[in-house]
Amino acid sequence: MDSPFATPVFINEIIDQPVDISATPYFYNDGGQPTYLAAPPAGVTPITPAATDPALAMGNEYIVPEIAGVKQTPPYGVETQLGLVAEDVEYLPLWATPMTAAAFGITLVEKGQCVALQSPVKQLHQVEYEYGVWAGHWSPYQGTGNALLTVVCTDLEHHDFPHVFASTDPKFPLVISVARYWPKLGRIRMADLWVPQGSALYIPPKPQVPGQDVIDLHNNRNSARACWGDIHASSIRTHTLLQTDNGFFYWYWNPKPTVHRNLPPRA
């Protein structure tokens, strides 16, 4: 007998549009719509991307005394399991502002602003996605296949291509999980950045650099976190700039269950 229940949305790809960074190297937030241009609009001065300042520290801090394991997963990337010391791992919810985004090496691009994109890969894609509230409840690391789990593990990444995460849902803000990891100090700070509707986050390429002081990490599978508690909604729409083919990722994860709380709506 067929199930009487609707299948929950996981992640749906709505529209995939190629973006040639050589021809259109500027991201422009056109009234909340992500746009890629050959030059800044008349009268608009590109904003300066946030610098990586190792002294900036926001979010909940946890100790990382060891690397529990490293797994090569060619051709996709490398998995690093962090040995977190914590009974509970909670991501601090923060509204995305220029300051809170910069604490994770990210630039907030608000309506009417533009930024020059950096990318060693010139052929990228802007994809409109629908993310369901359960999209973060999947672990690619623990042998659970495609099962949706009752817990959300720490699952973060960096890579050598840029991201633009645009908050384009008509009803809800976008939620991006972020972290700043100091490998030499053995500590990490974690947060959920809540991106106001109409704003966007620009994350420049973050390649692997031997001996670096900080590693900035992110993940967008909890994009629909703002839906939790709304009986009428279980997914959001968002636009993401990314490399869809042949990307190489550096994943950082931990199996402990994580806590992600909602922020109250902005007045």
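For the structure given in this document, a descriptive report is provided here.

The rules behind the values
- Residues numbered from 1 in each chain as written.
- Predicted model: local features only at pLDDT ≥ 70, side-chain atom pairs only at ≥ 80, totals over all residues.
- Heavy atoms only, no water.
- Pairing = 2+ DSSP bridges.
- Helix = DSSP H or I, 4+ residues; strand = E, 2+ residues; numbered from the N terminus.
- Axes fitted to C-alpha atoms, helices over the stretch in contact; angles between N-to-C directions.
- Salt bridge = Lys/Arg side-chain N within 4 Å of Asp/Glu carboxyl O.
- Buried < 20%, exposed > 50% of the residue type's maximum accessible area, 1.4 Å probe, protein only.
- Polar contact = N/O pair within 3.5 Å; in protein donor to acceptor, adjacent residues only side chain to side chain.
- Contact = heavy atoms within 4.5 Å.

### Things to note about the sheet that holds strand β8 (residues 114–116)
Note on sheets: strands pair through backbone hydrogen bonds, and any given pair is parallel or antiparallel.
Here's step 1: Reading across the sheet, the three strands line up as β3-β2-β8 and stay open at both edges, with antiparallel pairing between neighbours. The open sheet has two free edges, formed respectively by β3 (33–37) and β8, since each of these has just one partner strand. Each neighbouring strand pair of the sheet contributes to a mean axis angle of 20 degrees, computed without reference to strand direction.
Here's step 2: In the sheet, strand β2 (residues 26–30) pairs with β3 via five bridges, with the strands oriented antiparallel. Its bridge partner lying in β3, Asn29 is registered against Pro34.

### Structural notes on the sheet that holds strand β16 (residues 235–242)
Here's step 1: Pairing is antiparallel in the open sheet, where six strands are placed in the order β1-β9-β16-β11-β14-β7. Since the sheet does not close on itself, it has two edges, and those belong to β1 (11–20) and β7 (107–109), each with one partner. Neighbour to neighbour, the strand axes of the sheet diverge by 20 degrees on average, direction disregarded.
Here's step 2: Taken together, the three bridges between β7 and strand β14 (residues 200–203) define a ladder with antiparallel strand orientation. By the bridge assignment for β14, Val109 is matched with Ala200.

### As for the pattern of salt bridges
Here's step 1: Under the counting rule described, the total for this entry stands at nine salt bridges.
Here's step 2: For Arg221, the salt bridge is made with Asp155, and the minimal N-O distance between the two is 2.2 Å. With Arg221 in the loop between β15 (215–219) and β16 and Asp155 in strand β10 (residues 154–159), this pair connects stretches of sequence that are 66 residues apart.
Here's step 3: On the accessibility criterion, Arg221 (15% relative accessible area) is buried.

### A look at the pairing of strand β4 (residues 60–73)
Here's step 1: When β4 meets strand β13 (residues 187–195), the two strands line up antiparallel, connected through four bridges. Of the residues in β13, the one forming a bridge with Ile63 is Arg187.
Here's step 2: As judged from the eight bridges shared by β4 and strand β5 (residues 77–85), these two strands associate in the antiparallel manner. Paired with Gly69 across the strands is Gln81, a residue of β5.
Here's step 3: Between β4 and β5, which follow one another and run antiparallel, lie three residues.

### Things to note about the side chain of Asp216
Here's step 1: Tracing the sequence through the fold places Asp216 in strand β15.
Here's step 2: A polar atom in the side chain of Asp216 sits 2.7 Å from the side chain of Arg180.
Here's step 3: Those residues within four positions of Asp216 in sequence are excluded, and the remaining contacts are Thr52, Phe104, Gly105, Glu157, His158, Ala179, Arg180 and Lys206.

### Details of the environment of Ser223
Here's step 1: Here Ser223 is to be found in the loop between β15 and β16.
Here's step 2: In this structure the C-alpha to C-alpha distance between Ser223 and Ser235, which are 12 residues apart in sequence, comes to 8.7 Å.
Here's step 3: Once residues lying within four places of it in the same chain are set aside, the contact partners of Ser223 are Tyr131, Pro173, Leu174, Val175, Ile176 and Ile236.
Here's step 4: Side-chain polar atoms of Ser223 contact the backbone oxygen of Asn220, separated by 2.4 Å.

Any functional reading would require information beyond the geometric quantities listed.
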